[in-house]
Amino acid sequence: MPECPELHLAGRYINEACGGLVFEGGVQRSAVGRGPEVPFSSEAYRVTAVSRGKELRLTLEPLGPGPSQALVFRFGMSGSFRLCEASSPPRHAHLRFFTRESPPRSLCFVDPRRFGTWRLGEEWQPDRGPCVLLEYAAFRENVLTNLEDKAFDKPICEALLNQKYFNGIGNYLRAEILYRAKIPPFEKARTVLEALKHQEQNSSLTLSKKLKLKRDNPDLLELCHTVPMEVVAADKNLFDPSSDSDNYAAFKNWLQCYLVPGMSSLRDRNNRTIWFQGEPGPMAPKGQKSRKKHAHLKADPEAPTPTVTTRASKRRSGGAEKPPEPAVKEEEEKAVPDGSRKGRARGRKKVAAAPTLPEPDVPPVRAKRNRTSARRGRGAAAVV
């Protein structure tokens, strides 16, 4: 999901790819795009972009007379920009700007999941705070001077998604920030942030002690700035159409917590999954069990099928042996092909037929007496 680093990189991509291009004509909107028609047309104009938190502003500036047009985008879960041949636009291109060249190209806003939107005008959304990436000083002040807000009554993992104070932070960034700060995700936000404020206002601390404190206890608000900067500094522009899977592989290698095997996860009160290590914290939702991320291994099709003990075979063995442990059972059932689990499938009410038991050994004289009794009995029954 695009967060502030990805929107910043998208703006950089637009400015670098389109900086020397001249666009012409109108703006083409798809029938299913989640934004208004763009009432703009010009014989020649340029396109520039700038980002702020989780928003990106595109400006269409005519080279001749006429007013400019600004659009502010939110990328949702899968939005991006691509410059491609106008004759072969990518799928899910919901807004297209055409270049004045031969053959023409088009700058496309692409959004497969259609959660992304745009609106006309240059104003940023008013209820969003300063950008954690580009306006760090204003961002920090906005948080520490408003700690009485009820938004900070919530767990820190939920507060970090509040764009009024943490504009640009999303799901993967909050996991990485809290992991590096060694803060349980369900610790109360105000408790965490008041400690930072107290440390900042404590003039009795020498510079060396402050540096040691920061080293031993990383500053959460600083991490809200430096962690996104790491993504930007890596310069892995996921929106560049020439990029390949190596970019995503590099991004996955950069992650230390989010979706990483061995980490735990819980759903917060907004039903968003938070990844973490260690204890969840005192405000963790009740009734949930922490799930751990495991590496998935593919089954080997050439592996030999293990022998499965059925109920019938247990009876033949006298039932003295203990059943296998549940974990062993599960592994066996997973490995056994379909159709070879007779007597083991859950929910079956039919009981396997009892096997024929061998006759017990008896002395010869007693056996003869038994056969005689049986013949007499059959004869008596016949007379009746």
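Quick caveat: nothing in here was measured; it's all calculated off a predicted structure. (Residues numbered from 1 in each chain as written. Predicted model: local features only at pLDDT ≥ 70, side-chain atom pairs only at ≥ 80, totals over all residues. Heavy atoms only, no water.)

Q: Break down the confidence of the model for the protein for me, citing the residues and quoting the values.
A: Residues at a pLDDT of 70 or more form 68% of the protein, whose mean pLDDT is 80. Per-residue pLDDT stays below 50 along residues 236–242; that stretch engages in 23 contacts with residues further than four places along the chain or on separate chains. Here residues 297–370 is a poorly scored stretch, pLDDT under 50, and it has 32 contacts once near neighbours within four places are set aside; other chains count. (pLDDT = per-residue confidence, 0-100. Contact = heavy atoms within 4.5 Å.)

Q: Give a description of the pairing of strand S1 (residues 23–29) that names residues and reports values.
A: Alignment of S1 against strand S2 (residues 41–52), held across three bridges, turns out to be antiparallel. Following the sheet pairing, Gly26 is matched in S2 by Ser41. (Pairing = 2+ DSSP bridges. Helix = DSSP H or I, 4+ residues; strand = E, 2+ residues; numbered from the N terminus.)

Q: So what's going on with unusual backbone geometry? Which residues, and what values?
A: Pro103 follows Ser102 through a cis peptide bond whose omega is -5°. Note on placement: Pro103 falls in the loop between strand S6 (93–99) and strand S7 (105–110). In this structure, His92 is a non-glycine residue whose phi angle is positive, near 65°. By the secondary structure assignment, His92 is in the loop between strand S5 (80–85) and S6.

Q: Now, about the sheet that holds S6: what can you tell me, with residues and values included?
A: If you walk across this open sheet you meet the eight strands as S5-S7-S6-S1-S2-S3-S4-S8, and the pairing is antiparallel. The sheet terminates laterally at S5 and strand S8 (117–120), the two strands that pair on one side only. This sheet shows a mean twist of 30° between the axes of neighbouring strands, independent of strand direction. One ladder, built from five bridges, connects S6 with S7; its direction is antiparallel. Paired with Phe97 across the strands is Leu107, a residue of S7. Contacts from helix H1 (residues 4–18) reach S1, S2, strand S3 (55–62), S5 and S7 within the one sheet, and its direction differs from that of S2 by about 150°. (Axes fitted to C-alpha atoms, helices over the stretch in contact; angles between N-to-C directions.)

Q: Got a sec to walk through the packing of aromatic side chains? Specific residues and values, please.
A: What the rule picks out here adds up to 16 aromatic pairs. Ring centres 5.3 Å apart and planes at 50° place the aromatic pair Phe81 and Phe109 in the tilted group. Highlighted residues: Phe81 in strand S5 and Phe109 in strand S7, separated in sequence by 28 residues. For the pair Phe81 and Phe109, a shared accessibility class is recorded, and that class is buried. Within the aromatic cluster, the residues linked to one another by ring pairs are Phe73, Phe75, Phe81, Phe109 and Trp118. (Phe/Tyr/Trp six-rings, centres within 6.5 Å; stacked < 30°, edge-to-face > 60°. Buried < 20%, exposed > 50% of the residue type's maximum accessible area, 1.4 Å probe, protein only.)

Q: Describe a nonpolar patch on the surface, with residues and values.
A: Side chains of Met1, Met77 and Phe115 sit close together on the surface and give an oily, nonpolar patch of about 270 Å² of accessible area. Within the element layout of this structure, Phe115 appears in the loop between S7 and S8. (Patch = residues over 30% accessible without salt bridge, like charges linked within 9 Å, V, L, I, M, F, W, Y side chains within 5 Å. Areas by Shrake-Rupley, 256 points an atom, 1.4 Å probe, with all protein chains shown as cover. Salt bridge = Lys/Arg side-chain N within 4 Å of Asp/Glu carboxyl O.)

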